[in-house]
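Secondary and tertiary structure notes
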Amino acid sequence: MAATGWKQDVRNGLEVVELTTPTSTCMLALHGGQVLGFVPHGAGERLWVSEKARFQVGKALRGGIPICFPWFGPHPDLGDLPAHGFARTRLWRMVGVAAINERQIRAELELAPDADTLRLFPHRFVARLAVTAGETLELAFEVTNTDEAPFTFEIALHTYLAVSDAAAVALVGLGGRAYLDKVAGGIVRRQADEPVRFAGEVDRVYDNDRPLTLVDRGAGRIQIESRGAGSTVVWNPGPEKTRALGDMSPDGFRGFVCVETGSVGDRRVTLAPGGRHETAVSYAWHVTR
Ligand code: TA6
């Protein structure tokens with residue numbers, strides 16, 4: 001059985017760390033602390049990255065698992081600030097990589113404020129991301145308030161799950177949950193007791209902390225479990241919104257569904273000085289491609 005191991009590399013101009021286990025390879029960039037790929041040996045890529053993604057320090061990279069922190073969507077007060085906060089466009093520090101057993105390896109990265117971020121979010125914190133690769137992919141994002149005053153933040157692990165065709169998938173497990181329908185101007189609706197399907201643009205923020213299953217007809221299913229999260233964001237831009245996105249091909253929307261785990265909107269988190277909050281998510285693929 002191949003051992004676990006890791007190496008640093010540069011891909012498309014970005015510093016990356018490649019984690020290898022007996023069953024999978026995982027690639028993450030120090031830029032944004034962003035997981036860019038997860039490939040079980042002998043199988044296809046499980047995460048989607050746009051073929052027109054921008055690999056530029058300071059720019060958001062469309063695909064993999066961007067980290068939306070410390071705000072989600074537009075900034076609550078300063079609309080001209082970049083959407084989804086600054087964590088995904090800053091360089092993270094590699095803290096360390098170690099095998100945690102014969103089959104899994106874990107990389108730890110850290111983000112701390114600097115003069116630029118303090119202007120956007122005037123609070124001292126330490127954010128840590130632990131990425132554990134093996135048969136499954138697990139992320140744990142922990143924020144510690146190292147300041148003297150409480151602060152409030154939003155967090156979303158904005159995961160682009162590769163699928164055979166967005167029109168052929170169904171997201172199961174949200175039946176009965178309330179959601180904000182951003183395509184319908186942000187009105188609150190309640191999910192019928194049926195799966196979420198993607199026949200066009202879908203942009204919904206669900207109140208949810210339960211396990212979910214993404215069923216990819218003809219390919220299999222993805223089991224998604226979370227800890228410390230109160231929200232699930234479900235997004236696919238559909239053909240029209242895709243045309244307005246400069247970093248996507250016209251049919252790029254077909255290749256992924258975003259199922260995002262975190263705490264946003266009414267579920268945002270307030271941390272007292274010294275407090276810490278962890279958001280964790282795991283993905284188990286049972287697919288044949
Ligand atoms: O996750 C849903 C969402 O908030 C959508 O409204 C859309 O804006 C998407 O995120 C992508 O955002 P981005 O800034 O990465 O283009």
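Residues numbered from 1 in each chain as written. Predicted model: local features only at pLDDT ≥ 70, side-chain atom pairs only at ≥ 80, totals over all residues. Heavy atoms only, no water.

1. Topic: the sheet that holds strand E7 (residues 105–111)
Taking strand neighbours across the sheet as the criterion, the 9 strands line up as E6-E7-E8-E9-E23-E19-E18-E13-E16 in an open arrangement whose pairing is antiparallel. Strands at the two margins of the open sheet, each flanked by one partner only, are strand E6 (93–99) and strand E16 (196–197). Where E7 lies against strand E8 (residues 125–133), 7 bridges are found, and the strand directions are antiparallel. Note on E8: the bridge partner recorded for Leu111 is Ala127. (Pairing = 2+ DSSP bridges. Helix = DSSP H or I, 4+ residues; strand = E, 2+ residues; numbered from the N terminus.)

2. A closer look at the packing of aromatic side chains
Taken as a whole and assessed by the stated rule, the structure comprises 19 aromatic pairs. Ring geometry for Trp48 versus Tyr160: centroids 5.6 Å apart, planes at 25 degrees, classification stacked. Of this pair, Trp48 sits in the loop between strand E4 (34–40) and strand E5 (67–68) while Tyr160 is found in strand E12 (residues 160–162), placing the two residues 112 residues apart along the sequence. Its relative accessible area of 3% is what places Tyr160 among the buried residues. Arranged with centres 5.9 Å apart and planes meeting at 50 degrees, the rings of Trp235 and Phe256 form a pair that is tilted. Remark: Phe256 occurs in strand E21 (residues 256–263) and Trp235 occurs in strand E20 (residues 231–236); sequence separation between them is 21 residues. The two residues Trp235 and Phe256 agree in class, both being buried. Every member of this aromatic cluster is reached through a ring pair, and the members are Phe69, Trp71, Phe86, Trp92, Phe121, Phe125, Phe141, Phe151 and Phe153. (Phe/Tyr/Trp six-rings, centres within 6.5 Å; stacked < 30°, edge-to-face > 60°. Buried < 20%, exposed > 50% of the residue type's maximum accessible area, 1.4 Å probe, protein only.)

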